[in-house]
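Here's the letter readout for the chains.
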Amino acid sequence: MGAAMRRIHVGNALSAFGLGFTVPYLYVYVAQVRGLGAMTAGSVLAVFAVAALIVLPFAGRAIVRRGPLPVLVAALVTAAVGALSLGLAGSPVSVLLSAALLGAGQAVMQPALATMIVDCSSSETRSRAFAMQFFLQNLGLGVGGLIGGHLVDATRVSSFTLLFAIEAAMFLLLVVVMATVRMPRAPRVGEAPALSARGSWKQLLGNRAMVQLCVLGFVMFFACYGQFESGLSAYGVEAAGISTSALGTALAANTAVIVVAQFAVLRFVERRRRSRVIAAVGLIWAVAWLVAGYAGLGHGSQEMATAAFVSTYALFGLGEALLSPTVAPLVADLAPTGMAGQYNSAFALVKQLALAVGPAVGGPMGAALHGPYVVTFLLFSLGITVLALRLGRLLSVVQDRPSAVRSRVVTRGGASVEPVSAEA
């Protein structure tokens, strides 16, 4: 990695570390510590999603016009102000306004950092760069949550104020780190769809491969990430009788599998077609939902149900490890030169939509409709496989399997290779 990429990865770790401090304790802080009730606490979580949906359509255009670094710095300052004010807020209005600032800043960080990774990497190094990003994000969230849990005291508001102040400090520290980054002019995949660098959302929607990838992304985030802390946890407690400590173990197993497996699967992923890897993830998650079905509906012992439930989260983690070096580089390779910011923002917008809809649908189903819940998301997982295979037909060789094209270039002594391209 070059110096710029190292600083970007430090930035990813710091931002995740800061978020890990506060995200797990937002509900307790607003509802109980500040005494504002469950309704306000739920509204805070909704404001995060709404703020992201509002700013992301504009973030892409800003990244294209101004570059990812200035947009990232603005997002970090906004998030820092939001975090600090949230730690001091005492009324429903001030809490919601602070949450809007924090949510907007967090949302814009994602596509800005992703675009910086694209600009500082080549098609040969991009998968590893995004794998490292995902690894550091999970590690930062886990360590931040662990330390934050030992600092907070539900009987003292000041402990939560300290927590949010530390989060704000992490964002401001990241501003200092990012100010030292010199962005190179990175080479791009030459066979990406030939769209204008000044393309608008209309031009993006004209890229069939990108549209299908967005549909696929929505299904993935809806069926997996959108269920972790809502439907799946409710299903585990209500149907499988899982204790809160076992739920924490399941979440820890998910993170542990990601951390351990991330680089172990990387060589496997780099040599396969991206569409086939995503299709395999759909099958792995289908197995995960079958195991979840056994945990809640199998009528086994409590120990077996708990083991099955923890295994469900572990299988989801394996799928996530396969996706991190696959999907984000594919978004970058589909983007025309200079348009990576817009494409990353569009995909982040799809992710936010799925994360907003997923808990709203999955939460009530997981708590009350146990059988239909498992069957529904089992079918969604199989749908991921179908959509991924269909997407593969729209991708050129260099987009679907860059390693094959690089191998041909080496074999031919560096001669240029014309990819076999489907309509994109």
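Structure report, in brief. (Residues numbered from 1 in each chain as written. Predicted model: local features only at pLDDT ≥ 70, side-chain atom pairs only at ≥ 80, totals over all residues. Heavy atoms only, no water.)

1. Description of the overall build of the protein
Tallying secondary structure elements over the protein gives 19 helices and 0 strands in all. Expressed as a percentage of the 424 residues in the protein, the buried residues total 54%. Considering only contacts in the protein between residues 6 or more positions apart, those separated by 24 or more positions represent 85%. (Helix = DSSP H or I, 4+ residues; strand = E, 2+ residues; numbered from the N terminus. Buried < 20%, exposed > 50% of the residue type's maximum accessible area, 1.4 Å probe, protein only. Contact = heavy atoms within 4.5 Å.)

2. Considering the packing of helix 9 (residues 208-223) against helix 15 (residues 327-334)
As a packed pair, helix 9 and helix 15 sit with axes 10 Å apart at the nearest point and diverge in direction by 160°. Taken together, the axes of helix 9 and helix 15 are roughly antiparallel relative to one another. With respect to the hand of their crossing, helix 9 and helix 15 are arranged in left-handed fashion. Taking contact as the criterion, the partners of A209, M210, L213 and M220 in helix 9 are, on helix 15, V327, L330, V331 and L334. Considering only residue class, the contact of helix 9 with helix 15 consists of 8 nonpolar, no polar and no charged. (Axes fitted to C-alpha atoms, helices over the stretch in contact; angles between N-to-C directions. Parallel < 35°, antiparallel > 145°, perpendicular 65-115°, else oblique. Left-handed = near helix turned anticlockwise from the far one by under 90°. Nonpolar A, V, L, I, M, F, W, Y, C, P; charged D, E, K, R; others polar.)

3. Thoughts on the pattern of salt bridges
Tallying each qualifying case throughout the model produces 1 salt bridge. Ionic pairing is found between D333 and R274, a salt bridge with its closest N-O pair at 2.9 Å. Of this pair, D333 sits in helix 15 while R274 sits in helix 13 (residues 274-297); the two residues are 59 residues apart in sequence, bridging distant segments of the chain. Across this residue pair, the class does not change: D333 and R274 are buried. (Salt bridge = Lys/Arg side-chain N within 4 Å of Asp/Glu carboxyl O.)

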